[in-house]
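Now for the letters of each chain:
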Amino acid sequence: MEKVRLGIIGIGNMGTNHLKSIQEGKVPELEVTAVADREEGRIAWAKEHMPAETAFFSEGTDLIDAGVCDAVLIAVPHYQHPELTIYALEQGHHVLCEKPAGVYTAQVRKMNEAAEKSDRVFAMMFNQRTNCIYRKMHELVTGGELGEIKRVNWIVTDWYRTQSYYDSGSWRATWDGEGGGVLLNQCPHNMDLLQWICGMPVKVRAFCHNGKWHDIEVEDDVTAYMEYPNGATGVFVTSTADAPGTNRFEITMEMGKLVCENDRLMLHRLAENERTFCKTAKGGFDTPECTVTEVETDGINEQHAGVLKAFAGRILKGTPLVADGVEGINGLTLSNAMHLSSWLDREIEVPFDENLFLEELNKRRASSRKKEGTGVVFDTEGSY
Ligand SMILES: NC(=O)c1ccc[n+]([C@@H]2O[C@H](COP(=O)([O-])OP(=O)(O)OC[C@H]3O[C@@H](n4cnc5c(N)ncnc54)[C@H](O)[C@@H]3O)[C@@H](O)[C@H]2O)c1
């Protein structure tokens, strides 16, 4: 097989963006042979912009049944990610699934079970893992040279969105259509990076404010506290209404501190382990010697095209993925724990009762707002 024949399911904002990057030749190992979308307008658009031999479908499952692709890219609203992934794997397709892995972990667990039974490639679109700065943070923290984590702080409020964005799709920012707000739409990237770099917390306490800044029923402002197995603590803050927003990710460790902000990674490295220094220093106000340097990276930040290339590479040559599909459950576990904590107004231990989460989600779905989308498709360039 020289090229992987890819079917894109959902040619809305993100599906269109993926199609464009393949058409621009950024991923020569992929050829889009089929597209599916429920909206006639999107199929009409695709027909105008794609070769005549492309196969078009109005439903993702029909595209899968047609057997005209080796792999599918699932870019539809989140609730359907697990069901379409399971169906595609069962029909012998490789799957690249958009983030988040799903809306609740019970459905994602079933998806992971299907992936484990299948011999097909299953990958998750965690494009931010391709960012050289986050890759470097992952390497430095998991490599252990800076010692144990003591504190994690991530304020990521640069996900600014207008009311027009929320009004564009009927599914957006509703419990029944999307299953959450900023935690489920914008933050799956941050949730994944947080667990990829720092591991999973064992306790979460969160405060989610629904429709605080926009006319929506789901959260657009969140502050969460986390505790890790070694006693380290963390705070995660996000919003879609801070202008200008901030994106500062800080990890304090025994041997120093990493600070990622404004596309730079600074390392504040201590001359000795703070735990030893604290116990042995003679002066009451002594502080460990510290040098500050900007960390060099390889400068490579391929984003979505990088994930697509790695997906094709795994299928064609068995080379590594950017993110294995089964890892998607970790970030979702984090955001589900934050939602559940806020809904029940108490601390949540991780792992939590997945059925309780689903019951609580379903209560909100039962009275979820029904709305018409304006149907506007935005250029998503630079928004992830
Ligand atoms: N990785 C990223 O950076 C990134 C960025 C934006 C969106 N996303 C993800 O992509 C997904 C889609 O988001 P979007 O903004 O493109 O939404 P969108 O509403 O613009 O597009 C989704 C499209 O899917 C179609 N669709 C829905 N169900 C279908 C089905 N069963 N079969 C065929 N077509 C179907 C809809 O008609 C719609 O055109 C979401 O899960 C979102 O989280 C990822």
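Basis of the calculations
Residues numbered from 1 in each chain as written. Predicted model: local features only at pLDDT ≥ 70, side-chain atom pairs only at ≥ 80, totals over all residues. Heavy atoms only, no water. pLDDT = per-residue confidence, 0-100. Helix = DSSP H or I, 4+ residues; strand = E, 2+ residues; numbered from the N terminus. Near = heavy atom within 4 Å. Polar contact = N/O pair within 3.5 Å; in protein donor to acceptor, adjacent residues only side chain to side chain. Areas by Shrake-Rupley, 256 points an atom, 1.4 Å probe, with all protein chains shown as cover. Nonpolar A, V, L, I, M, F, W, Y, C, P; charged D, E, K, R; others polar. Domains from an automatic or database assignment. Pairing = 2+ DSSP bridges. Contact = heavy atoms within 4.5 Å. Axes fitted to C-alpha atoms, helices over the stretch in contact; angles between N-to-C directions. Buried < 20%, exposed > 50% of the residue type's maximum accessible area, 1.4 Å probe, protein only. Right-handed = clockwise from strand over helix to strand, strands pointing away. Parallel < 35°, antiparallel > 145°, perpendicular 65-115°, else oblique. Left-handed = near helix turned anticlockwise from the far one by under 90°. Core = buried A, V, L, I, M, F, W, Y, C linked by side-chain atoms within 4.5 Å. Buried area = accessible area lost by both parts, 1.4 Å probe. Salt bridge = Lys/Arg side-chain N within 4 Å of Asp/Glu carboxyl O.

Draft legend 1. Just the confidence of the model for the protein chain, in detail. Across the protein chain, the average pLDDT comes to 97, with 98% of residues at 70 or higher. Taking the mean pLDDT of every element in the protein chain, the minimum, 95, falls on helix H7 (residues 163-167) and the maximum, 99, on strand E6 (residues 122-124).

Draft legend 2. Geometry of the site of the ligand. Around the ligand, 28 residues are found, and the nearest of them are Asp-37, Glu-59, His-78, Gln-80 and Lys-99. A distance of 3.3 Å separates an oxygen atom of the ligand from a polar atom in the side chain of His-189. Here the ligand loses 92% of its free accessible area of 850 Å² to cover by the protein chains. Mapped onto the shell around the ligand, the elements with two or more residues apiece are helix H1 (13-23) and helix H4 (80-90). The residue inventory of the shell around the ligand, partitioned by class, reads 10 nonpolar, 10 polar and eight charged. Residue assignment places the shell around the ligand across two domains, with domain 1 (4-127 + 302-323) and domain 2 (129-300 + 331-366) each supplying three or more.

Draft legend 3. Structural view of the sheet that holds strand E14 (residues 290-294). Pairing is mixed across the open sheet formed by nine strands, whose spatial order is E14-E13-E12-E11-E7-E10-E9-E8-E15. Two strands close off the open sheet at either side, each with one partner strand: E14 and strand E15 (348-349). Sheet strands touched by helix H9 (residues 188-198): strand E7 (149-156), strand E9 (219-227), strand E10 (233-239) and strand E11 (247-253). Its angle to E7, the strand with the most contacts, is close to 165°. Across the sheet, helix H12 (residues 328-344) is in contact with strand E8 (203-210), E9, E10 and E15; its angle to E8 comes to roughly 70°.

Draft legend 4. Representation of the pairing of strand E2 (residues 30-36). Counting buried residues along E2, six of its seven residues qualify, which places the element largely inside the surrounding structure. As defined by bridge partners, strand E1 (residues 4-9) adjoins E2 across six bridges and the pair is classed as parallel. Among the inter-strand pairings, Gly-7 is bridged to a residue of E2, identified as Ala-34. The β-α-β motif built from E1, the intervening H1 and the parallel element E2 has right-handed crossover chirality.

Draft legend 5. Representation of the packing of H12 against helix H13 (residues 354-366) in the model. Where H12 meets H13, the closest approach of the two axes is 10 Å, and the angle between their N-to-C directions is 65°. If you check the angle between H12 and H13, you find them roughly perpendicular. For the element pair H12 and H13, the recorded crossing hand is left-handed. Contacts between H12 and H13 pair Asn-336, His-339, Leu-340, Trp-343 and Leu-344 from the former with Leu-356, Phe-357, Glu-360, Leu-361 and Arg-364 from the latter. Here the contact of H12 with H13 is built from residues that sort into six nonpolar, two polar and two charged.

Draft legend 6. Broad picture of the nonpolar core. Ranked by size, the top nonpolar core spans 88 residues in total, and within it Met-137, Leu-194, Ile-197, Phe-236, Phe-249 and Met-338 carry the most contacts. In terms of residue count, H12 provides more of this core than any other element does, seven residues in total. Two domains each provide a minimum of three residues to this core, namely domain 1 (4-127 + 302-323) and domain 2 (129-300 + 331-366).

Draft legend 7. Examining the domain arrangement of the protein chain more closely. Domain boundaries assigned for the protein chain yield domain 1 (4-127 + 302-323) and domain 2 (129-300 + 331-366). If you look at the interface, domain 1 gives 22 residues, while domain 2 gives 25 residues. Summed over both partners, the interface of domain 1 with domain 2 buries about 2,000 Å², with 59% contributed by carbon and sulfur atoms. It is Tyr-79, Thr-105 and Phe-126 in domain 1 that bury the most area against domain 2; as a group they hold 29% of the surface buried on that side. Our count for the contact surface shared by domain 1 and domain 2 stands at one salt bridge. We note a salt bridge from Arg-109 to Glu-354, for which the minimum N-O separation is 2.5 Å. At the junction of domain 1 and domain 2, the tally comes to 13 residue pairs in polar contact (both at pLDDT 80 or more).

Draft legend 8. Quick look at the sheet that holds strand E3 (residues 55-57). The parallel open sheet is built from six strands, whose spatial order is E3-E2-E1-E4-E5-E6. Across the chains shown, the open sheet's two edge strands, defined by having one partner strand only, are E3 and E6. Across this sheet, the average inter-strand angle for adjacent strands is 25°, counted without regard to direction. Lying on the sheet, H4 is in contact with E1, strand E4 (71-74), strand E5 (94-97) and E6; it crosses E5 at an angle near 165°. Here helix H11 (residues 303-317) sits on the sheet and contacts E1, E2, E4, E5 and E6; the angle it forms with E5, its principal contact strand, is near 165°.

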